[in-house]
Every structure is written in structure tokens, then in C-alpha cells.
Amino acid sequence: MNRNRSREVMERARRVLPGGVDSPVRAYRAVGGEPPFIVRGAGARVWDADGNEYLDLVCSWGPLILGHAHPDVVRAINEQAALGTSFGAPTELEVELAETIVAAYPAVEMLRFVSSGTEATMSALRVARAATGRDRIVKFAGGYHGHSDGLLARAGSGVATLGLPDSAGISAAVAANTIVVEYNDITACERAIDASVAAVIVEPYAGNMGCVPPEPGFLAGLRVLCDRAGALLVFDEVITGFRVARGGAAERTGVVPDLACFGKVIGGGLPVGAYGGWRALMSHVAPLGPAYQAGTLSGNPLAMAAGLATLAHLDEAAFVRLEALGARLEARLDAAAANAGVAARIQRIGSVLTLFFTDRPITSERDTTHVDRARFARFHRGMRDEGVLLPPSQLECAFLSLAHDDADIDAIGDAADRVLQEMAE
Ligand SMILES: Cc1ncc(COP(=O)(O)O)c(C=O)c1O
């Protein structure tokens, strides 16, 4: 596989961008080799600067649930671009997308659009502190909620992949207000969630230590503990919102949070985030209330148009199809590992999955110490040589889109058969 052009551009990139990238995991530190520089995507495929074609299981880390350059999304963006790209003034598109999310998501009566998932979680916690008058936040080890200061403690894949427990550059005063608990450990939560806690923030299906579903009763247990302590329950649905169901993990699990954060799918591949919740809580947000939060490009019309075009496709049939595609991929990878005699465990929610190189279940960050990261790196490189792009870290999730079809899944399965056989030899 020719990679000269990608290598050349990376050399230039390293001179002007830290590590050559704008988000650390893209540098391929965990799997080795140079990242491909992508020039084009269509449906389930991307092409790099060297002309190599790949079946894409990254899907921009989740947003591209319709696949790359879906004609309806491209048309919506083009039509809006011709009318203007940003006004810094209200547009009806924001109202439409907000109405769509309010109609789909149980706890959200009102929401505010921002430009990233990071802003969404950071702002939701500001609202929680404003509403409760408390400072402390509980988060889970291996849970990633973007890179705001208070949320970077034990923050999952991106940070863990670099071998860092936490980020440098965060003041002790900020860090002191973040309490970190092991995911799926309700006993530890009982101790941590008391009357000093403003909010518990959780990825209801954890996706940043690989795909780790909640154990039965865990989320319901959090709901009870929050109610008892007068703390707010914040679901970070940046990955799961409109990905595991229209109403996200709240719909799928039946547990309703007080505030929810969105990103990824709701922007259809453009930079969008949102946070929302009950009207009484969102009334703390300026200009209705005293919790200040603003953004030059918030509710950007191109992003709103792309989001609306994307959500329009996500009916019940779409989720049935995503589930079937996910199940097919899981079965193929499972069989490939079993046939090769390689210890592997696949954890999946709908169209989101991780193949962990271990024979033990992963239920929390603690368990991720058992996974064989070197083996994953080999698998990743092998799959890339076969023309399949996986997320470049063992502790990330692969994403399917509605543009993938059974033949694509089978091609990925065949590639996994060959790569795992070779690894076993
Ligand atoms: C669960 C979760 N929350 C928040 C974020 C941050 O979103 P963004 O990268 O848009 O800032 C991410 C990003 O991957 C995420 O997975």
C-alpha cells in the first residue's frame, strides 16, 4: 500500500501542528505508523492522499450515521451556504432542530446549541451548579466528556492512550471539585453522591474506554442516588444521542436524566453540540437566568441544516437496520477470533462496538488493564493493510453507518479472518 504522500504531508504537519494533528488520537501513537491523510469520503468509504480506498469504521468518531457525503446532507449544506454561512442572529433552522430534539428526547424541554460536545458538557455542569448552588461533580473513570478542565480526570481513551492519568495544566482547585468513581460500581456511588454534589455526569453507555454497557440497574441506581442527594443526573449522550435510538440511551434504558448533552449525530458531520433539560433547569441559562454561556457560531445555520437533514433519516427502520448491521459485524468478528484461536471479546450497543483483545468482560476502566494493546495495534495495522480503517486505539469504539451494507460487513469480516489468522501463526 503506497503511503508516500500521507508521509510527506505528515512531515509538513508536524512542523506547524502539535504532533501533526488537531486531536491527539489522530496521530496513531497507539497503533504505530503514519495516519492516512483523507481527501474524500462517499458512503461507507474514504480515500487517502495516496489513492488508497478504505471501508471506514471511524465515521468521524460517530457523527456520520448516514455515511460520508450523504446527498441530502450535502444538498442541505449547499443550499444554506448559498444563503449565507453565519449571521450571529437567530434563524428558524435552530428552532426546527431544537423542536426535533425536544420531540425525541425524554428530559429535554429546552436546549441550547453550542459548537462541540466539550462545550455541551461544560455548560450543562455550569447549569447544574447554578441550579443547586453546589460545586462538586461526580464522574466515572474512563468516561470522557470533552476536554474542559474539570472533566479531564481519568478521562478515558484519548488521554489513557498517551499513558497520561490526567492532563497537565489543570489547577488543583478545579480538580478538587471532581470526584471520580469506577463505572458500574454502585456501592462506590453510594459513598460519593452526597449533599455536596451538584451533578453526576455519565456516559450512559460508556464509549471512551471502548464500548462498555451499564450493568442492569446501574443507571436506575444512579437516578435514585441523585434524587436522594438532591444532585442532578446528567447524561452525556454525545455519542449515544440519535445513535442508539432517537431518544438515545434514555429511551433505550428507560432512565431519564435531568440534563442531557448532545453532539456528533445531531450535527450531521458539522461542528455542533447541545445541552438541554427540564425547562426549570434551562431557565438558569442567560438571558433567561444568571448562568452565562454564549457562542459566535452557536446554532450555525450550515450545521443546523446538516443536522436536520441527518435526523430526518433516523426513523425506526433506520435503527432496526443499524442493529442488524452491528449484529452481523459482531458475529463475523467473533467467528474470526474463534477460528484463529485469538482471545477476543466484542462489546456492542447497536451500531457501536469494540473488539477487545482479552477473554474477560470489560465493565469498568479497571478491567481495561487486562486488554492486550499490542495485539490491537497489530490488528489495526493488518486491517488497514486490508483496506479497513478502525479507530486507532483499543479503547475506542468502531461506528457503523446506514451507508454500510451486508457486503461491506462481510468484506470486513473476511479481512478480520485473514489478519487474525496471520496474528495467530
Ligand atoms: C461521550 C463524549 N462526550 C463529549 C465528547 C466531546 O465532544 P467534542 O469532541 O465534540 O468536543 C466526546 C467526544 O468524543 C464524547 O465521546
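Refer to the preceding data block for the structure.
About the thresholds
Residues numbered from 1 in each chain as written. Predicted model: local features only at pLDDT ≥ 70, side-chain atom pairs only at ≥ 80, totals over all residues. Heavy atoms only, no water. Helix = DSSP H or I, 4+ residues; strand = E, 2+ residues; numbered from the N terminus. Rg over C-alpha atoms; globule rule 2.2 N^0.38 Å. Buried < 20%, exposed > 50% of the residue type's maximum accessible area, 1.4 Å probe, protein only. Contact = heavy atoms within 4.5 Å. Areas by Shrake-Rupley, 256 points an atom, 1.4 Å probe, with all protein chains shown as cover. Lys, Arg positive; Asp, Glu negative; His and termini not counted. Charge placed at Lys NZ, Arg CZ, Asp CG, Glu CD. Expected span 1.5 Å × (residues − 1). Near = heavy atom within 4 Å. Polar contact = N/O pair within 3.5 Å; in protein donor to acceptor, adjacent residues only side chain to side chain. Phe/Tyr/Trp six-rings, centres within 6.5 Å; stacked < 30°, edge-to-face > 60°. Salt bridge = Lys/Arg side-chain N within 4 Å of Asp/Glu carboxyl O. Pairing = 2+ DSSP bridges. Axes fitted to C-alpha atoms, helices over the stretch in contact; angles between N-to-C directions.

J.: Looking at this model, I keep getting lost on the overall build of the protein chain. Mind explaining?
T.: Each helix and strand counted, the protein chain has 14 helices and 14 strands in total. Its C-alpha radius of gyration of 21 Å places the protein chain within 12% of the 22 Å reference for a compact globule of 425 residues. C-alpha extents for the protein chain along the principal axes are approximately 60 × 55 × 45 Å. Sorting the 425 residues of the protein chain into buried and exposed places 56% on the buried side. In the protein chain, of all internal contacts separated by at least 6 residues, the share reaching a separation of at least 24 is 72%. Summing over all exposed atoms, the protein chain offers an accessible surface of approximately 17200 Å²; the carbon and sulfur share of this is 52%. Where the 39 positive side-chain charges of the protein chain centre and where its 50 negative ones centre are 4 Å apart.

J.: I tried to follow helix H13 (residues 373–385) on my own but got confused; where do I start?
T.: What sets the pattern is the α-helix's 3.6 residues per turn: residues three or four places apart point alike. For H13, with 13 residues, the first-to-last C-alpha span of 18 Å sits near the 18 Å given by 1.5 Å per residue. Within H13 the residues assigned to the buried category are Phe-376, Ala-377, Phe-379, His-380, Gly-382, Met-383 and Arg-384. Buried residues belonging to H13 abut strand E3 (53–56), strand E12 (352–356), strand E13 (388–389) and helix H14 (406–424).

J.: Before we go on, may I ask you to explain the site of the ligand in this structure?
T.: In the neighbourhood of the ligand, the contacting residues comprise Ser-116, Gly-117, Thr-118, Tyr-144, His-145, Gly-146, Glu-203, Asn-208, Asp-236, Val-238, Ile-239 and Lys-264. Within the side chain of Asn-208, a nitrogen or oxygen atom sits 3.0 Å from an oxygen atom of the ligand. In this structure, Lys-264 approaches the ligand through a side-chain N or O atom, which is 3.0 Å from an oxygen atom. Burial of the ligand by the protein amounts to 81% of the accessible area it has alone, namely 390 Å².

J.: Would you take a moment to explain the packing of aromatic side chains for this structure?
T.: By convention here, two paired aromatic rings are described through the distance between centres and the angle between planes. Here the structure, examined in full by the defined rule, presents five aromatic pairs. Taking 5.6 Å as the distance between ring centres and 75° as the angle between the ring planes, the aromatic pair formed by Phe-140 and Phe-218 counts as edge-to-face. In this pair, Phe-140 sits in strand E5 (residues 136–140) while Phe-218 sits in helix H8 (residues 218–229), placing the two residues 78 residues apart along the sequence. Consider the rings of Phe-357 and Phe-379, whose centres lie 5.5 Å apart with planes at 70°: the pair is edge-to-face. Residue Phe-357 is located in the loop between E12 and H13, and its partner Phe-379 is located in helix H13; the two are separated by 22 residues in the primary sequence. Of the two residues, Phe-357 and Phe-379, both sit in the buried class.

J.: Explain the pattern of salt bridges to me, please; I cannot follow it from the model alone.
T.: When the charged atoms of two side chains with opposite charge come close together, those side chains can pair. Counted under the stated rule, the structure contains 17 salt bridges. Note that Arg-3 and Asp-385 form a salt bridge whose closest N and O atoms lie 2.6 Å from each other. Here Arg-3 is found in the segment before helix H1 (4–16), whereas its partner Asp-385 is found in helix H13, with 382 residues between them in sequence. The partly exposed category is assigned to Asp-385, whose relative accessible area is 49%.

J.: Would you mind showing me how to read the sheet that holds strand E9 (residues 259–262) here?
T.: By way of backbone hydrogen bonds, the strands of a sheet pair with one another, either parallel or antiparallel. Ordered in space as E4-E10-E9-E8-E7-E5-E6, the seven strands form an open sheet in which the pairing is mixed. Unpaired on one side and paired on the other, strand E4 (110–114) and strand E6 (178–181) mark the two borders of the sheet. Going from strand to strand, the sheet's axes swing by 20° on average, the running direction of each strand aside. By the bridge criterion, three bridges tie E5 to strand E7 (residues 197–202) in an arrangement that is parallel. Its bridge partner lying in E7, Val-138 is registered against Val-200. This element, helix H3 (residues 92–104), spans E4 and E9 of the sheet and lies at about 125° to E4. Seen against the sheet, helix H4 (residues 117–132) touches E4, E5, E7, strand E8 (232–236), E9 and strand E10 (273–277) and runs at an angle of roughly 165° to E9.

J.: Hey, could you run me through the side chain of Asp-236 in this one?
T.: Topologically, Asp-236 is positioned in strand E8. Buried within the structure, Asp-236 lacks any salt-bridge partner; its nearest side chain of opposite charge belongs to Lys-264, at an N-O separation of 8.8 Å. Here His-145 takes part through its side chain, which lies 2.8 Å from a polar atom of the side chain of Asp-236.

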